[in-house]
Amino acid sequence: MADVDQGSVLPSETSPLILDGLNSTDSNGTDAVNATVAKFVATPEGTALAYGSLVFMALLPIFFGALRSVNCGKSKVAGENGCDYEYRNSSDMPETITGRDAARFPIIASCTLFGLYLFFKIFSQEYINLLLSMYFFVLGILALSHTMSPFMNRIFPANIPIKQYQLLFTQGSGETKEEIVNYEFDTKDMICLVISTVVGVWYILKKHWIANNLFGLAFALNGVELLHLNNVSTGCILLGGLFVYDVFWVFGTNVMVTVAKSFEAPIKLVFPQDLFEKGLGANQFAMLGLGDIVIPGIFIALLLRFDVSLKKNTRTYFYTSFLAYIFGLGMTIWVMHTFKHAQPALLYLVPACIGFPVVVALLKGELTEMFRYEEVSPEDAAAKEEITEAEKKDK
C-alpha cells in the first residue's frame, strides 16, 4: 500500500478540530477583544446564519468530494468511467491510507499541533503567520485550480484551441537523469491558475473571510477526493484515534484553542455572526476546522464507494453517513451554544458517522461484507495487473 504523503494532508492535519462560536477576531485574524472592549454579543439571527452557513459549507466538500472520489481515482483518461477530467500528474492521483497510516496519524497530528503551539509561544506570531501565509498561498492556488478543473472543462468554449504545456525539471544526464518536477497542463488549467492566483492575492493582501473560505473549501474537497481509506476498519482506527486526540487537546489543554485563534491560514471555515450589522466587513467569527470536515468526509466517501461496489444501484450507506454527519455537527453546535464553550466536533461526529452506518449494515445483514470491502492504491492495482498479464503470457 502507498504511504500517505504527510505534506499533502497538512491543511487538515494541522487544523484545529473545534467548532468555536466565541472567537472574536479582527479582519486580519488577530484577537480584538481586550479588557477595555465590551464582549460582542451576537443576535439570534446572526448566530443562526453563521451556524447554518458553516454547516452548509461543511457539507459541500463532503458531498462533491465523495462523488469525485468514486470513479476519478481509477481514471487516467478524461471521460473514462464518467470522469470529467484526467489525472495527468502523480500529485493529482489519490493516496491510500492504510491501517498503519491511520494508527500513527493522531501522533503526527499531536506533534504538529504542539509544535505550532510552542512556535507561537516562543517566536513572533507575525513572522510565523507571514511564512504560513506564503506557504498556504501556493497550496491554495493549486488546490483551488484543481477544484475548478471539472467545471472549466464543461464551460470552456469548444471553438477555442487548447494548447498543451509541460513543466519539466530534471537532474543529471544520460542514464542517471531523473525527473524532479514533471507537471503537464493545458490552456484550461492556465485559466484556472490565473483565477486562483487572483483569489490568492486577495487573501494575502486582505485576509478576507470569503477568500479564506474559498481556499478552505478547496482544501477540504481535495482532501475528501484524493485521500482514500483502504477499508472500513482503517476508517474506524483513524476516526477513533482522532476522537481521542480531539477530546484531549480541547478539554485537557488550551493548546488547540490557542493555535486556532493564532493560526492565520485557510485551515478553517469562518462565518461572521455580525454580518447583518457590518456586512462583508464583519469581524466576529464562528469557525469550523477543516479536520472536522475532511476526516469524517473521507470515511463517508469510502462508504459511497462501498455502495457502488455492491452494484445495487442504491446509496444507502452514503446517505446514512451523510445524514449522520449533519446530526453530529448539529449536536456539536447545540452543545456549544448551550454551554458557551468551544467543542471538539469529532466527539459528536465520530460516534454518529460510524454508528449509524454500522446499525444499518446490521439491520440489512451486510456488516461482514462492509468490513471485508477493500480498496488498493493505484500503484498496487497497476502492479497486480502487470502480474496478471505476465501470468497469462506464461500460460
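Residues numbered from 1 in each chain as written. Predicted model: local features only at pLDDT ≥ 70, side-chain atom pairs only at ≥ 80, totals over all residues. Heavy atoms only, no water.

- If you check an unreviewed UniProt entry, the protein chain appears there as Minor histocompatibility antigen H13 from Oncorhynchus mykiss.

## Thoughts on the pairing of strand β6 (residues 268–272)
Part 1 of the argument: Most of β6 sits out of view: 5 of its 5 residues are buried.
Part 2 of the argument: Every second residue of β6 is oriented toward a common face, with Lys268, Val270 and Pro272 on one face and Leu269 and Phe271 on the other, all of them buried.
Part 3 of the argument: In the sheet, β6 pairs with strand β7 (residues 285–289) via 5 bridges, with the strands oriented antiparallel. Pairing of lysine 268 across the sheet is with glycine 289, part of β7. (Buried < 20%, exposed > 50% of the residue type's maximum accessible area, 1.4 Å probe, protein only. Helix = DSSP H or I, 4+ residues; strand = E, 2+ residues; numbered from the N terminus. Pairing = 2+ DSSP bridges.)

## Things to note about helix α3 (residues 99–122)
Part 1 of the argument: Its 24 residues give α3 an end-to-end C-alpha distance of 35 Å, which sits within 8% of 34 Å, the value for a rise of 1.5 Å per residue.
Part 2 of the argument: When the local axis directions of α3 are compared, the greatest deviation, roughly 35°, occurs at phenylalanine 105, which is followed within four positions by the proline proline 106.
Part 3 of the argument: Within α3, the full set of buried residues consists of Asp101, Ala102, Phe105, Pro106, Ala109, Ser110, Leu113, Leu116, Tyr117 and Phe120. (Expected span 1.5 Å × (residues − 1). Bend = angle between axes of the 7 residues up to and from the residue.)

## Some details on the packing of helix α10 (residues 291–310) against helix α12 (residues 346–364)
Part 1 of the argument: Between α10 and α12, the least distance of the axes is 10 Å, while the angle of their chain directions is 5°. The pairing of α10 with α12 is recorded here as roughly parallel in orientation. Facing α10, whose interface residues are Asp292, Pro296, Phe299 and Leu303, α12 presents Leu346, Leu349, Cys353, Ile354 and Pro357.
Part 2 of the argument: Residues that form the contact of α10 with α12 fall into these classes: 8 nonpolar, no polar and 1 charged. (Axes fitted to C-alpha atoms, helices over the stretch in contact; angles between N-to-C directions. Parallel < 35°, antiparallel > 145°, perpendicular 65-115°, else oblique. Contact = heavy atoms within 4.5 Å. Nonpolar A, V, L, I, M, F, W, Y, C, P; charged D, E, K, R; others polar.)

## Overview of the UniProt feature "transmembrane region" (unreviewed entry) in the protein chain
Part 1 of the argument: With numbering matched to this structure, UniProt assigns "transmembrane region" (unreviewed entry) to residues 48–67, 102–120, 126–144, 211–229, 236–260, 280–304, 316–339 and 345–363.
Part 2 of the argument: For the annotated span residues 48–67, helix accounts for 100% and strand for 0% of the residues, and the straight-line distance between the end C-alpha atoms is 29 Å.
Part 3 of the argument: Span residues 126–144 is 100% helix and 0% strand, its end C-alpha atoms 25 Å apart. (UniProt positions renumbered as here; feature names shortened; annotations may be inferred.)

## Structural notes on unusual backbone geometry
Part 1 of the argument: Notably, lysine 311 is not glycine yet its phi reads approximately 55°, a positive angle.
Part 2 of the argument: Relative to the assigned elements, lysine 311 resides in the loop between α10 and α11 (316–339).
Part 3 of the argument: By relative accessible area, lysine 311 is classed as exposed at 75%.
Part 4 of the argument: A positive phi is found at lysine 340, a non-glycine position, where the angle reads about 55°.

## Considering α10
Part 1 of the argument: Helix length check: α10, at 20 residues, gives a terminal C-alpha distance of 29 Å against a target of 28 Å (1.5 Å per residue), a fit within 8%.
Part 2 of the argument: A maximum bend of about 25° is found in α10 at glycine 297.
Part 3 of the argument: Among the 20 residues of α10, 18 are classified as buried, and the element is accordingly described as predominantly covered.
Part 4 of the argument: Just downstream of α10, lysine 311 is the residue with a positive phi angle, here 55°.

## Some details on the pairing of strand β4 (residues 178–186)
Part 1 of the argument: Bridging between strand β3 (residues 164–171) and β4 involves 8 bridges; their strand directions are antiparallel. Paired with phenylalanine 169 across the strands is valine 181, a residue of β4.
Part 2 of the argument: The antiparallel hairpin formed by β3 and β4 contains 6 residues in its connecting segment, where glycine 172 sits at a positive phi of about 85°.

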